[in-house]
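# Remarks on the overall topology
One letter stands for each residue in the lines below.
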Amino acid sequence: MKKSNLLIVIAGLIGLFVFGLAYAQDDIQSLEHDIFVNRERPAAVFPHTLHADDLEIDCLDCHHIYKDGENVWDESEISDCTACHSLEADGKIMSAIKAFHVNCKGCHLEENKGPVTCGECHPKK
């Protein structure tokens, strides 16, 4: 086999390896939102599959769209949390930061599971 062909095969195998590693953790998401421009810490890491599938947490525990006091969110209504929650509270609507902290940290404290400190949710790279 020519040296150039061998290099192409090796490069392809390395590419497949890197691609495989990148998608091996595809359920890990970060709670990255454009409104947070002056961050003190990186976005929180959030393993959605762990919460939704493995722990069987009801989607409505996190996702919500309220109409007449009832949560009417369904999976067809994929939306960004910051569509309603902005940097500042607006009447009864919490700020985005407070909404995340109340929802995520509150559940972790209630269940006595999961991270609750800043560095556990927002690991510095």
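What you see is a predicted model, and the numbers here were worked out from it, not measured in a lab.

### Digging into unusual backbone geometry
Although it is not a glycine, E56 sits at a positive phi angle of roughly 55°. The exposure class of E56 is exposed, given its relative accessible area of 67%. In the Ramachandran plot, N112 falls in the positive-phi region, its phi being about 55° despite a non-glycine side chain. Overall, the relative accessible area of 71% leaves N112 in the exposed class.

### Digging into the environment of A99
Among the structural elements, A99 can be located in helix α3 (residues 96-111). Separated by 18 residues in sequence, A99 and C81 place their C-alpha atoms 9.0 Å apart. Here A99 is in contact with H85 and M94, once residues within four sequence places are set aside.

The rules behind these values
- Residues numbered from 1 in each chain as written.
- Predicted model: local features only at pLDDT ≥ 70, side-chain atom pairs only at ≥ 80, totals over all residues.
- Heavy atoms only, no water.
- Buried < 20%, exposed > 50% of the residue type's maximum accessible area, 1.4 Å probe, protein only.
- Helix = DSSP H or I, 4+ residues; strand = E, 2+ residues; numbered from the N terminus.
- Contact = heavy atoms within 4.5 Å.

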